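As a plain string of letters, each chain reads:
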Amino acid sequence: MWLRHHEPMPLGVVDVGANTVRLLVKSGDYVIHRRRAMLRLGEAVELYGHIPPEKLAEAASTVAAFVIDGRAHGAERVEVLITSPGRQAANGDELIERIAAACGAPVRVLSSDEEGQLGFQGALNALRVPPRETLAVIDVGGGSAQIAIGTKREGATWVRSIDLGSMRLTSRLLQGDPPGAEAMDAARREVRVALADINPPFAEEGLAVGGSARALRELTGPTLTAEGLRRAESILTFTPHSELIEVWNIEADRVPTLAAGTVILSALQELVGVPLRVRRGGLRDGALAELEHRIRATRAA
């Protein structure tokens, strides 16, 4: 847990994920600016095993624009984090090189463990919980999913990740509109296989972060329970995308991958055994807290 002893500073982070590229600029807990672009890099990785040249160029130009935007909104420093596309693509090194050359900001690929640690920290940011209470934080992204368990005092002491996220599972098995019962059953089997060797420790409370969890609030409310997730799976199995947008008020960009995200979240909720409160914070918030801590430590040295 990083403690602030000074006035917060405006900082920015660009998160290059499997579905989206996102910019977050904050000063302490105050959000100054957000921006996102849907690039679907994870879909390319799932289909081809690598990121095609046109997608590399799009990612580099998007990140460069986001870095400029973050600085224009007052960020003293902007850093770029690449998650599953950098780990899973055969040409992940080329993705890093192209982005670094275009944006003029520090770029790093997060390991799955680092992604879980930062997601845990960001989920607990400004959350009032007993310092020794054990919490599970579930983060389902487009290309991977993380489970992190720990306390607010000690941080995440147990982290596991699977290379299966909402975009990858959609590309593999759930491209139908709607997906239908047979495809959803196949997706559940795929997730069970991915989770077969994962046995998390006991958690007293659960939190869910990420785009799938936030979108599911329209179907389940602010807490993801086993019953609520089963109901959401049933709705998503048979409801056309257009109806999910018009009737359930789910963002159009999120609808195609929501069934997959729900299947993964349902399996992870069952695994940790506690309801999951949906939180806005996550990886980017944790990364900004860590960045501020590093800057403070450097200046104090």
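Refer to the structure above for everything that follows.
In this report, we go over the structure that sits alongside the text. Keep in mind it's a predicted model, so treat the numbers as computed, not measured.

Turning to the nonpolar core, a few remarks are in order. Here is a general trend for soluble globular proteins: nonpolar side chains tend to be buried in one another's company. Counting 43 residues, the largest nonpolar core has L169, L216, L224 and L265 as the members making the most contacts within it. When residues in this core are grouped by element, the largest group, 10 residues, is from helix α11 (residues 255-272). When sequence neighbours within four positions are dropped, the list of residues in contact with L169 reads L164, L174, A187, E190, V191, A260, V263 and I264. Counting residues in hydrophobic clusters, the runner-up holds 25 residues, among them L23, A59, V63 and V80.

A few words on the pattern of salt bridges. Summed over all chains, the structure comprises 18 salt bridges. Salt-bridge contacts for R35 lead to D69; the nearest nitrogen and oxygen are separated by 3.2 Å. With R35 in strand β3 (residues 30-38) and D69 in helix α2 (residues 53-72), this residue pair connects regions lying 34 residues apart in the sequence. Overall, the relative accessible area of 37% leaves R35 in the partly exposed class. Looking at D69, the relative accessible area reads 13%, which means it is buried. For E46, the salt bridge goes to R172, with nearest N and O atoms at 2.9 Å. Linking E46 in helix α1 (residues 41-48) with R172 in helix α6 (residues 166-173), this pair joins segments that are 126 residues apart in sequence.

Attention shifts here to the sheet that holds strand β1 (residues 10-16). Pairing is mixed across the open sheet formed by five strands, whose spatial order is β3-β2-β1-β4-β5. Among the strands making up the open sheet, the edge pair consists of β3 and β5 (107-109). Each strand axis lies, on average, 15 degrees off the axis of its neighbour in the sheet, ignoring direction. As paired strands, strand β2 (residues 20-27) and β3 are joined by eight bridges and run antiparallel to one another. Its bridge partner lying in β3, S27 is registered against Y30.

A separate point is helix α5 (residues 112-124). In an α-helix, one turn spans 3.6 residues; hence positions three or four apart end up facing the same way. Here α5 contains 13 residues, and its C-alpha end-to-end distance of 19 Å stays within 8% of the 18 Å for a straight helix at 1.5 Å per residue. Buried within α5 we find E115, G116, L118, G119, F120, Q121, G122, A123 and L124. One or two residues past the end of α5 sits A126, with phi positive at roughly 65 degrees.

About the thresholds
- Residues numbered from 1 in each chain as written.
- Predicted model: local features only at pLDDT ≥ 70, side-chain atom pairs only at ≥ 80, totals over all residues.
- Heavy atoms only, no water.
- Core = buried A, V, L, I, M, F, W, Y, C linked by side-chain atoms within 4.5 Å.
- Buried < 20%, exposed > 50% of the residue type's maximum accessible area, 1.4 Å probe, protein only.
- Helix = DSSP H or I, 4+ residues; strand = E, 2+ residues; numbered from the N terminus.
- Contact = heavy atoms within 4.5 Å.
- Salt bridge = Lys/Arg side-chain N within 4 Å of Asp/Glu carboxyl O.
- Pairing = 2+ DSSP bridges.
- Axes fitted to C-alpha atoms, helices over the stretch in contact; angles between N-to-C directions.
- Expected span 1.5 Å × (residues − 1).

Coordinates in, geometry out; function isn't part of it.
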